[in-house]
Amino acid sequence: MSKFEKVLRRVLSGEADNNIEFEDLVWLLRRLGFTLRVRGSHHIFTRSDLEIPINLQPSGHHAAPYKVKQTREKLQTLEIEDE
């Protein structure tokens, strides 16, 4: 299983929201075709088929659990699924 598949599965499963590395989540979104803009600590991800951007901030080395949940919900609306 590739790194992409592992990170995507962890995000979509909802079982590890407290333990997703921030850099892994940023990497995943970039691989999924999102454009990144950084303003201070805010990492803003946009994509043409997404109305409201994803806004992430690091919480130490990890992504904040509620931001992982919000990201999962956005990915589900885009019908991005783990095979």
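As the structure is a computational prediction, the values presented were derived from the model and not from experiment. (Residues numbered from 1 in each chain as written. Predicted model: local features only at pLDDT ≥ 70, side-chain atom pairs only at ≥ 80, totals over all residues. Heavy atoms only, no water.)

Counting 23 residues, the largest nonpolar core has Val11, Leu25, Leu28, Phe34 and Leu75 as the members making the most contacts within it. Listing elements by their share of this core, those giving two or more residues are α1 (3–13), α2 (22–31), β3 (54–56) and α3 (65–77). Filtering out sequence-adjacent residues up to four positions away, Leu25 remains in contact with Val11, Ile20, Leu56, Ala63, Val68 and Thr71. (Core = buried A, V, L, I, M, F, W, Y, C linked by side-chain atoms within 4.5 Å. Buried < 20%, exposed > 50% of the residue type's maximum accessible area, 1.4 Å probe, protein only. Helix = DSSP H or I, 4+ residues; strand = E, 2+ residues; numbered from the N terminus. Contact = heavy atoms within 4.5 Å.)

By the definition in use, this model includes three salt bridges. The partner of Arg72 in a salt bridge is Asp17, and the shortest N-O contact between them spans 2.8 Å. Residue Arg72 is located in helix α3, and its partner Asp17 is located in the loop between α1 and α2; the two are separated by 55 residues in the primary sequence. The pair Arg72 / Asp17 is uniform in exposure class, with both members buried. Note that Asp49 is salt-bridged to Arg47, the shortest N-O span being 2.8 Å. Since its relative accessible area comes to 43%, Asp49 is described here as partly exposed. (Salt bridge = Lys/Arg side-chain N within 4 Å of Asp/Glu carboxyl O.)

Let's shift gears to α3. Between its terminal C-alpha atoms α3 stretches 19 Å, which fits the 18 Å expected from 13 residues at 1.5 Å a residue. For α3, the full list of buried residues reads Lys67, Val68, Thr71, Arg72, Lys74 and Leu75. The buried residues of α3 all sit within an arc of 165° when viewed along its axis, so they share a single face. Check the buried side of α3 and you find it contacts α1, α2, β3 and β5 (62–63). (Expected span 1.5 Å × (residues − 1). Arc of directions from axis to C-beta.)

Looking at the element boundaries, Gln70 is found in helix α3. Linking Gln70 and Asn55, residues 15 residues apart in sequence, is a C-alpha distance of 9.2 Å.

Taken over all residues, the pLDDT of the chain has a mean of 93, while the share at 70 or more is 98%. Taken element by element, the chain is modelled with least confidence in strand β4 (residues 58–59), mean pLDDT 88, and with most confidence in α2, mean pLDDT 97. (pLDDT = per-residue confidence, 0-100.)

Turning next to the side chain of Lys74. If you trace the backbone, Lys74 turns up in helix α3. Despite its burial, Lys74 pairs with no opposite charge, the nearest such side chain being Glu73 at 8.0 Å. At 3.0 Å, the side chain of Lys74 and the backbone oxygen of Ile52 are in polar contact. When neighbours within four sequence positions are excluded, Lys74 is seen to be in contact with Leu50, Ile52, Pro53 and Ile54. (Lys, Arg positive; Asp, Glu negative; His and termini not counted. Polar contact = N/O pair within 3.5 Å; in protein donor to acceptor, adjacent residues only side chain to side chain.)

This part takes up unusual backbone geometry. For Glu79, which is not glycine, the phi torsion reads 60° and is therefore positive. Position of Glu79 relative to the elements: it lies in the segment after α3.

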